[in-house]
Amino acid sequence: MDFIHVFLNITTGASLILMMPGPTNTLLMTSGYTCGPARTLPLIATEALGYSIAISAWGFVLIALSARYPGVGTAVKLLCAAYLAYLAARIATTKLLASGSRRQAVSPKSLLTATLLNPKALLFASVVFPREVYGTAELYSWALLSFVLIVVPIGLAWAWLGQVVRTAPSHAMQLCVPKLIGLSLLSFSIYLTLSALE
């Protein structure tokens, strides 16, 4: 498998998945909403790191473990669901605009944890990354670099979307954003719980 083929596979598949709403994107949007895209850049670097670690874990360890011990996948899903429910409650009860501050509502630790537990990492590891890339360090390094090149612009787009919402003229809409973000995370948590218990 050549580098061009790896690059095209990963950039196409990863772009489609990264553009979908999810826990990490929701947190990036929250940061863009409270701090703006420029101050969200360190969080985007954290996102890239988190996905790199999670994809490596799924690709090299957990997929093999899940084949022998099916309960591992269920336990990971339930852990993800619990953490997302916690984040949903925290964000939904934050009065982002009432304070008028530009404080950082999303910490690097929260974003890293959400990214490490993000089920999208399993999709990237098992579907987007071709199986062959796990065979050599050179191909795997190229695959991760291709992935990071997609993560950065899409992460910035989510942060920018948060800023657009903040600067919207409707104050009522601005006040609803934390609740909507919390609801989005909670819905994802419920979905994960149900899929883990099937």
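Since the model is a prediction, treat every value here as computed from it, not as a measurement.

Engineer: Explain the side chain of Thr11 here, please?
Structural biologist: Within the element layout of this structure, Thr11 appears in helix H1 (residues 3-18). Judged by relative accessible area, Thr11 falls into the buried class, the value being 10%. At 3.4 Å, the side chain of Thr11 forms a polar contact with the backbone oxygen of Leu8. If sequence neighbours within four positions are ignored, Thr11 has contacts with Ser146 and Ile150.

Engineer: In this structure, what is going on with the packing of aromatic side chains? I would like to understand it.
Structural biologist: How two aromatic rings sit relative to each other is set out by the distance from centre to centre and by the angle between their planes. On inspection of all chains with the given rule, the structure shows eight aromatic pairs. Taken together, a centroid distance of 5.5 Å and an interplanar angle of 35 degrees make the contact between Tyr134 and Tyr140 tilted. Accessibility assignment for this pair places Tyr134 and Tyr140 in one class, buried. These aromatic residues form a ring-pair network of at least three members: Tyr51, Phe60, Phe124, Phe129, Tyr134, Tyr140 and Phe147.

Engineer: Sorry, what's going on with H1 here?
Structural biologist: Between its terminal C-alpha atoms H1 stretches 21 Å, which fits the 22 Å expected from 16 residues at 1.5 Å a residue. Inspection of H1 places Val6, Ile10, Thr11, Gly13, Ala14, Ser15, Ile17 and Leu18 among the buried residues, and these make up the whole buried set.

Engineer: Mind showing me how you'd approach a nonpolar patch on the surface here?
Structural biologist: The grouping of Ile4, Phe7, Leu8, Leu145 and Leu149 at the surface amounts to a nonpolar patch, some 460 Å² of accessible area in total. In terms of residues, the nonpolar patch owes the most to one element, H1, which gives three residues. Tracing the backbone through its elements, the reader meets Leu149 in helix H7 (residues 137-166).

Engineer: Any chance you could explain the packing of H1 against H7 here in plain terms?
Structural biologist: The description of two packed helices rests on the angle between their axes and on the distance between the axes. Two elements in contact, H1 and H7, have axes separated by 9 Å at closest approach and are oriented at 30 degrees. When you trace H1 past H7, the crossing you get is right-handed. For the pair formed by H1 and H7, the contact residues are Phe3, Val6, Phe7, Ile10, Thr11, Ala14, Ser15 and Leu18 on the first element and Glu138, Leu139, Trp142, Ala143, Ser146, Phe147, Leu149, Ile150, Val151, Ile154 and Trp158 on the second. Residues that form the contact of H1 with H7 fall into these classes: 15 nonpolar, three polar and one charged.

Engineer: What is the right way to read the environment of Ala114 from this model?
Structural biologist: Mapped onto the elements of the fold, Ala114 is located in helix H5 (residues 108-116). With relative accessibility at 1%, the residue Ala114 sits in the buried group. Taking C-alpha positions, Ala114 is 8.6 Å from Leu27, a pair spaced 87 residues apart along the chain. Apart from the residues lying within four places of it in its own chain, the contact partners of Ala114 are Thr24, Leu27, Tyr83 and Leu87.

Engineer: Is there a simple way to explain the nonpolar core in this structure?
Structural biologist: Soluble globular proteins tend to pack their nonpolar side chains together in the buried interior. With 49 residues, the main nonpolar core has Leu18, Ile55, Phe124, Phe129 and Phe147 as its most contacted residues. Elements with a contribution of two residues or more to this core: H1, helix H2 (23-35), helix H3 (37-68), helix H4 (71-92), H5, helix H6 (120-128), H7 and helix H8 (171-197). Here this core gets ten residues from one element, more than from any other, and that element is H7. Apart from residues no more than four positions distant in its own chain, Leu18 is found in contact with Asn25, Glu47, Tyr51, Lys120, Phe124, Phe147, Ile150, Val151, Ile154 and Trp158.

Engineer: Mind showing me how you'd approach the environment of Gly22 here?
Structural biologist: Mapped onto the elements, Gly22 comes out in the loop between H1 and H2. Each C-alpha atom of the pair Gly22 and Ala114 lies 9.7 Å from the other, and the pair is 92 residues apart in sequence.

Engineer: Is there a simple way to think about the packing of H4 against H5 in this case?
Structural biologist: With their axes 10 Å apart at the nearest point, H4 and H5 run at an angle of 145 degrees to one another. Taken as a pair, H4 and H5 cross one another with a handedness that is left-handed. For the pair H4 and H5, the contacting residues are Tyr83, Leu87 and Arg90 in the first and Ser110, Thr113 and Ala114 in the second.

Engineer: Quick question: what am I supposed to make of the side chain of Thr26 here?
Structural biologist: In this structure, Thr26 sits in helix H2. Apart from the residues within four sequence positions on either side, Thr26 is in contact with Ile181, Ser184 and Leu185.

Rules and cut-offs
Residues numbered from 1 in each chain as written. Predicted model: local features only at pLDDT ≥ 70, side-chain atom pairs only at ≥ 80, totals over all residues. Heavy atoms only, no water. Helix = DSSP H or I, 4+ residues; strand = E, 2+ residues; numbered from the N terminus. Buried < 20%, exposed > 50% of the residue type's maximum accessible area, 1.4 Å probe, protein only. Polar contact = N/O pair within 3.5 Å; in protein donor to acceptor, adjacent residues only side chain to side chain. Contact = heavy atoms within 4.5 Å. Phe/Tyr/Trp six-rings, centres within 6.5 Å; stacked < 30°, edge-to-face > 60°. Expected span 1.5 Å × (residues − 1). Patch = residues over 30% accessible without salt bridge, like charges linked within 9 Å, V, L, I, M, F, W, Y side chains within 5 Å. Areas by Shrake-Rupley, 256 points an atom, 1.4 Å probe, with all protein chains shown as cover. Salt bridge = Lys/Arg side-chain N within 4 Å of Asp/Glu carboxyl O. Axes fitted to C-alpha atoms, helices over the stretch in contact; angles between N-to-C directions. Left-handed = near helix turned anticlockwise from the far one by under 90°. Nonpolar A, V, L, I, M, F, W, Y, C, P; charged D, E, K, R; others polar. Core = buried A, V, L, I, M, F, W, Y, C linked by side-chain atoms within 4.5 Å.

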